Each structure stands twice: as C-alpha cells, then as structure tokens.
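Read off the chains here:
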Amino acid sequence: MSSTTRLTVAQALVRFLSVQYTERDGVRHRLIAGTWGIFGHGNVAGIGQALLEAGEDAMPFHQGRNEQAMVHAAVGHARQLNRLSAQAVTTSIGPGATNLVTGAALATINRLPVLLLPGDYFATRAADPLLQQLEHPTEADVSVNDTLRPVSRYFDRIHRPEALIPSALQAMRVLADPAETGAVTLALPQDVQAEAYDWPEEFFAERVWRVRRPAPDPVELAEAVRAILGAARPLIVAGGGVHHSEAEQALKAFADATGIPVTSTQAGKGSLRHDHPADLGGIGHTGTSVADDLARTADLVIGVGTRYSDFTTASGTLFQNPDVRFLNLNITSFDAHKLAARTVVCDARAGLEALTSALEGHRVNAAYEAEHGAGKERWERVVTRAFEAADENAVPTQTQLLGALDAVVGDEDVVINAAGSLPGDLHKLWRARSPRQYHLEYGYSCMGYEIPAAIGVQQATPDTPVWALVGDGTYLMMPTELVTAVQEGLPINLVLIQNHGYASIGGLSESVGGERFGTAYRYRAADGTFSGAPLPVDLAANAASLGMDVLRAKTVRELREALASARASDRPTCVYVETDTSTPTAPPAEAWWDVPVAETASREAAVAARTEYDRQTAARRTHL
C-alpha cells in the first residue's frame, strides 16, 4: 500500500498547488506562483488556515481589497510571464464569490490563466441556508458560484475530499494548456475545505506540465505556402498569440525574409519594434492609416495568434478586396477557422519558423514594399505632430501626455491600459519598443483593470518600471489596490488623467446620436441634465490618502518633470494631470466600428447618425 498523509482538503490543495510547474523550451516556472485572498466565513477556516500552515515559502499570500481586482492582478502576472505562470484567488461565499465573475470573464476572453477558489455552501447541508447562501426553489445544488460556469474554461464543485484529486489535476491541465487556458474554478464547500482525509503521497509529487509547441501539419503548411506565393498584396495581422508564444523573433525573421508588412491588434502590438521597416502599427477601428489602407486592398490576410475582434475587422468592413482570402496560424482550431480561412493549427513560433524556411527566396514585389514604407513614413509624421507641444507652458492634451511619457520610458518599461479613450490613442500612436512594453487589455476592455494589473506585472518582474494609465472614470471604479501597492512596497507608477467624465463614451455617444447623455461628471443644471460645473473632486488627494506619493502637473513642462521623477522613485507614485479636452489632437478613426443607432428617432442628431450608420453598414462583408 502507498503511504498517506492526513490533511484537510484545503491543506491538501495548497500543498498540491505548491509543487506544480510548467516547462517550455527547457525553462521551468511555478504554475501557481501565489494566492490572492480576502477572507470571510466561507474560506477563513479552510483555505485561510491552510495558507497560514503552509507558510510563505510554500505558497506566497497576497492580501487584496477587492475580489475582482485580485483576479485582474493575477491576469496581469500571467500575461507578463507569457501564460507560463498563474496565481490563485480565494474568496468567501456570497458577494466575494460573485465579485470574481468580471475578472473571470476578462481572463477567459483574453485566453489568460487564473485559478479561482471561492467558498460555497455546506456539502452536508448541516447548516442550510447559510449566511449569504442563494436558495433556489427548484435546484437545490445551485449556488452563486454557478455564475462562474459560463466564464470558466473548467468548473467543478468539490463535494467530497477524494473528488479533489482528479479535479485538481484537470484544473492544472487546463491552466497550462495554451489552447484551452482561461479562468478555472474549483468551488469549495466550506465544510469540505475543513474536512480531513488520508491523501496518497503521490498526489503531492512534483509535477511538470510541459507546454508544447505543436508543429504545423505538413498538408496545411504546404497550402499556406501556396497561398502566400500566389498573393500580390499579403498582410500580416499579429495578435496576442505572438507574445504568448514568444514568437516575436520568429515574426521578425519572417518579415525580414519576405518583406510582408505587419499590422497588430491591441493584444499583438509590440510584436515588432515600432521602428522595424515592416511594422505598420495598429489595425482596424483604432488602427493607423497605412495599416488600414493596405488592409482594404490586401488579397491575403495572414492572422497570427489573433481572434479577429470587431475592432480588428472594423465590424466586417475593413477587408474590401473582392478576392481577399485569409490564412490563420493559431494554436486553437476555434480561432484558426474564423473568416473561412485556410488554417495552420500550431504554435505561433513553430508555424512562423516553418513558413520562413518553406518560403526561402520568396519576397513580395519591391513596389509593394515601397508603398507600405512610404505610408509608414507619413504616419510617423502624424505621430510626431500628435506628441509635440508648441507651448511647454500650456495644459497638455492627452496625446501630448503620451508624447511626454514616450520621452521618459525605456525599452523595459510596461505601459498598462484597458478602457476609455486611451486605448484608441495608444493603438494608433504608441511607439512600442519591446515585446512586453505595450500591455492593453482590450478583449474585455474592463474599467478598473489597470491598477491591479500593474501590481501583477510588478510582482512577475520586480525590476520592471510599470505604468498604469487611467482616466477619472476608471479610477473611481477601482482605486482600492493602491493600498496593496503601498503595503507591498511595489513602486508602480499611476498616471491619473482628469477629464471630468467618460470621455470615450461621450465621444461615441455624440457620434451615434446620443448627444453625450449621461457621460459627464458635472452638477445637475436647472434643466435637470448633468451640464453644470465640474464636480469638485480631488482625485490626487484621494490617491495620497491611500498612501501614494502624488505629483501634480499643470503644464506640459511640469508633466515631463513629474513623469521623470516618478520613474526614478522607488515608491508607488501618482502623476496627476488635468488634460485639455477642448483641443482635439488625436488622429480620427481610420475605419468604422458598428454601434447600432436608433432606427426611429425625433431628435435631429440621432436621425443624422442613423443616415451615416446605414451608409457604413452597406460596406459590411461576410467572408465565406
């Protein structure tokens, strides 16, 4: 008989997690590098006691302030480490568990691993109903944790101790699998957490989950080569899979050899350095003019590690060449088959290396290279104009803020954003200098992601300067993890932009006939609308009250100085600036985005917006 060890379920789970590893290309990482937690009656005596007993060496513990934010921090950590290491998040039953749902959706949509360990009702029903327990009149086994099912890549409720063994192994398999990864949920009834069991020692043996690099199928590869050889105007769309696979050098070699230009999604930006001759920047609704112009005439679109969101395809209106075809390299068959594409289901690095070898000697026409080279030069002048400030003593615009930051950061810095008007400006304008510098969460575009994600990135790579860029709307959603950064001594830099409302949605509202309704942070006027004076909130004072060092900047010159001081600081630092919103400096959208407009309306703005909407939808294509 094999030997056993008597532990509670929670103790066994923590011990099991402490000896799980991933390995890719001979490099090993801890699969679960630490656990975030907020304790309540649903997990304090189970997982909480187990973490205390295990100690920091076995399982580092991170104290959070908001359950959603803890998931965001774990996601930031996983993305920074190319999905090779993840973190766990434990919560109590009830609101602590349901607060996980937004973070779980973000993780799964972005294909990023996180392990969720929410408390649950008593499996024995000895106490029923519990405090915070949802009672369903016809389905007694339903709990609030079932809200995590549709946003999890794997879900199980551990009703018996012995059920943990197969479920924990399945959870690790999914977390470590690049084709399946996302949020994984093990719901833990609180009485089961504390129940003892005689565990086989084999359960606690060190396990290495090897992250494979599937090579392309020879038949698919041959078809891909034929498609590229037959294309006059091929174009690459680099997605987040390039980064996750660490395929940046393989992409560079492919572009160098073939001369095929490279565009990028929000997740893929930085796949090539901004100054590489083939890098044309972002594509789609927030893309560059050169990228979108070439997309409209491309006869072959080569998607590498992208899921083709509506921002990338301009809601189906971007790729207008009547003969356009798609070739998708993706580790997931689900994404590879989008847009009726020829598929190469494989690891991004392996696929690009194989294509480069098979296409040896092939290069696009010199006139095509010259065309996209000239377009790149024109766009670079647009970026320079947007970044420059004629008057150093003026209030900066948002794009001038980005120019000031561009002048301060080094290649190793990480710039994080997720929501508001910044993603569009960053996608068009940011000069990405390294694979990890540009960190945009735009699969879920979740307000509140930036600050906790900066903490996760800082934990993953402690010597990296990290910048969280947030507007006032995002800041008011979730500033709480600033306390965590202060507590842990993590020198994240927060750039806090005050523009008195939801700037991005305000602009969108105006364009679709909504007349900026409900988007400004202002007092009510006499007519009942929010059109009075700006609210007298002091977000800088709020950040200071949470323990941040705060630098206020009123002019472009002061902003440059504040950003440089923040980067040199070894303390969590906030740079607060109120931007000039009256002077538009951002380039307009180069492609459309479908936000449906009221088909019938009495207000003139909505009627005009509907006319424009009908004009744009006429250009939509279904690629079959």
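Residues numbered from 1 in each chain as written. Predicted model: local features only at pLDDT ≥ 70, side-chain atom pairs only at ≥ 80, totals over all residues. Heavy atoms only, no water.

Chemist: I tried to follow the overall build of the chain on my own but got confused; where do I start?
Modeler: The helix and strand tally for the chain stands at 24 helices and 23 strands. Taken over C-alpha atoms, the radius of gyration comes to 25 Å for the chain, in line with the 25 Å a tight globule of 624 residues would show. Taken along its principal axes, the extent of the C-alpha atoms in the chain is 75 × 70 × 55 Å. Per element, the accessible surface of the chain, about 24,300 Å² overall, is 53% carbon and sulfur. Of the charged side chains in the chain, 53 are positive and 73 negative, and the gap between their average positions amounts to 3 Å. (Helix = DSSP H or I, 4+ residues; strand = E, 2+ residues; numbered from the N terminus. Rg over C-alpha atoms; globule rule 2.2 N^0.38 Å. Areas by Shrake-Rupley, 256 points an atom, 1.4 Å probe, with all protein chains shown as cover. Lys, Arg positive; Asp, Glu negative; His and termini not counted. Charge placed at Lys NZ, Arg CZ, Asp CG, Glu CD.)

Chemist: Help me understand the environment of V408, please; the structure alone is not making it clear to me.
Modeler: By the secondary structure assignment, V408 is in helix α16 (residues 398-408). For V408, a relative accessible area of 19% corresponds to the buried category. Spatially, the C-alpha atoms of V408 and N321 are 41 Å apart, while their sequence positions differ by 87 residues. Contacts of V408, omitting those with residues within four sequence positions, involve W467, R560, L563, A564 and R567. (Buried < 20%, exposed > 50% of the residue type's maximum accessible area, 1.4 Å probe, protein only. Contact = heavy atoms within 4.5 Å.)

Chemist: Explain helix α1 (residues 9-17) here, please?
Modeler: Residues spaced three or four apart along an α-helix face the same direction, because each turn holds 3.6 residues. Taking burial as the measure, the nine residues of α1 include eight buried ones, the bulk of the element. Residues of α1 that are buried: V9, A10, Q11, A12, L13, V14, F16 and L17.

Chemist: It is not clear to me how the sheet that holds strand β2 (residues 20-24) should be interpreted in this structure. Could you clarify?
Modeler: Strand pairing in a sheet is mediated by backbone hydrogen bonds. Such pairs are either parallel or antiparallel. Spatial ordering of the open sheet is given by β3-β2-β11, a layout of three strands whose pairing is mixed. Pairing within the sheet leaves two strands with one partner each, and these edge strands are β3 (27-30) and β11 (207-210). Neighbouring strand axes in the sheet, compared pairwise and without regard to direction, differ in orientation by 30° on average. Two strands pair when backbone bridges link them, and β2 and β3 are joined in this way by four bridges, in the antiparallel orientation. From the neighbouring strand, E23 faces β3, where its bridge partner is R28. (Pairing = 2+ DSSP bridges. Axes fitted to C-alpha atoms, helices over the stretch in contact; angles between N-to-C directions.)

Chemist: Would you take a moment to explain the nonpolar core for this structure?
Modeler: Nonpolar side chains in soluble globular proteins tend to be buried together. Among the nonpolar cores identified, the biggest contains 79 residues, and I228, I302, L355, W467, L469 and L563 are the most heavily contacted of them. The element that contributes the greatest number of residues to this core is helix α15 (residues 366-387), accounting for six residues. With residues near it in sequence (within four places) discarded, L563 still touches A404, L405, V408, W467, V495 and V575. With 47 residues, the next largest nonpolar core counts M70, L116, L148 and V466 among its residues. (Core = buried A, V, L, I, M, F, W, Y, C linked by side-chain atoms within 4.5 Å.)

Chemist: What is the right way to look at unusual backbone geometry in this model?
Modeler: Both trends apply: most residues other than glycine have a negative phi, and most peptide bonds are in trans. Following D128, the chain continues into P129 via a peptide bond in cis, with omega recorded as 0°. One non-glycine residue, L339, adopts positive backbone phi at about 60°. Tracing the sequence through the fold places L339 in the loop between α13 (333-336) and β17 (342-345). For S445, which is not a glycine, the phi torsion comes out positive at approximately 45°. For S445, the position within the fold is in the loop between β19 (438-440) and α18 (450-460).

Chemist: Just checking my understanding: could you explain helix α23 (residues 556-568) for this structure?
Modeler: Taking 1.5 Å as the rise per residue, α23 with 13 residues should run 18 Å; its terminal C-alpha atoms sit 19 Å apart, in good agreement. For α23, every residue scored as buried is listed here: V556, L559, A562, L563 and A566. All buried residues of α23 project into a common sector of 120° when viewed along the axis, lining one side. Buried residues along α23 sit against α16, β20 (466-471), β21 (493-498), β22 (549-553) and β23 (573-578). (Expected span 1.5 Å × (residues − 1). Arc of directions from axis to C-beta.)

Chemist: Would you take a moment to explain the pattern of salt bridges for this structure?
Modeler: Pairing between side chains of opposite charge can happen when the charged atoms of each approach one another. Applying the stated criterion to the full structure yields 36 salt bridges. One salt bridge in this structure joins D614 and R610, with 3.1 Å as the shortest N-O distance. Taken together, the residues D614 and R610, both in helix α24 (residues 604-617) and four residues apart, mark about one turn of the helix. On the accessibility criterion, D614 (38% relative accessible area) is partly exposed. Residues joined by salt bridges that share partners form a network here, namely E23, R28, E206 and R210. (Salt bridge = Lys/Arg side-chain N within 4 Å of Asp/Glu carboxyl O.)

Chemist: For this particular structure, what's the right way to read the packing of aromatic side chains?
Modeler: Across all of its chains, the model carries 11 aromatic pairs by this definition. A ring pair is formed by Y502 and Y521, whose centres lie 5.0 Å apart and whose planes are at 70°; its orientation type is edge-to-face. Of the two residues, Y502 sits in the loop between β21 and α21 (503-511) while Y521 sits in the loop between α21 and α22 (539-545), which places them 19 residues apart along the sequence. A relative accessible area of 29% means that Y502 is categorised as partly exposed. Taken together through their ring pairs, the aromatic side chains of F16, Y197, W199, F203 and F204 make up a single cluster. Stacked on the ring of F204, the Lys or Arg R15 has its end atom at 4.3 Å from the ring centre. The positively charged end of R28 is found above the aromatic ring belonging to Y21, 5.7 Å away from the centroid. (Phe/Tyr/Trp six-rings, centres within 6.5 Å; stacked < 30°, edge-to-face > 60°. Lys NZ or Arg CZ within 6 Å of the ring centre and 35° of its normal.)

Chemist: How should the sheet that holds strand β13 (residues 262-264) be read in this particular structure?
Modeler: Across the sheet, six strands lie side by side as β14-β13-β12-β15-β16-β17; this open sheet has parallel pairing. Each edge of the sheet is formed by a strand with only one pairing partner; in this case those strands are β14 (279-282) and β17. Sheet twist, expressed as the mean angle between neighbouring strand axes with direction ignored, is 20°. With five bridges joining them, strand β12 (residues 234-238) and strand β15 (residues 300-304) adopt parallel strand pairing. From the neighbouring strand, P234 faces β15, where its bridge partner is L300.

Chemist: Any chance you could explain a nonpolar patch on the surface here in plain terms?
Modeler: A surface patch of nonpolar side chains, about 250 Å² in accessible area, is lined by Y523, L535 and V537. The topology assignment puts Y523 in the loop between α21 and α22. (Patch = residues over 30% accessible without salt bridge, like charges linked within 9 Å, V, L, I, M, F, W, Y side chains within 5 Å.)

Chemist: What's the story with the pairing of β12 in this structure? I'm lost.
Modeler: Most of β12 sits inside the fold, with five of its five residues counted as buried. In the sheet, β12 pairs with β13 via three bridges, with the strands oriented parallel. Looking at β13, one finds that V237 is bridged to T263.

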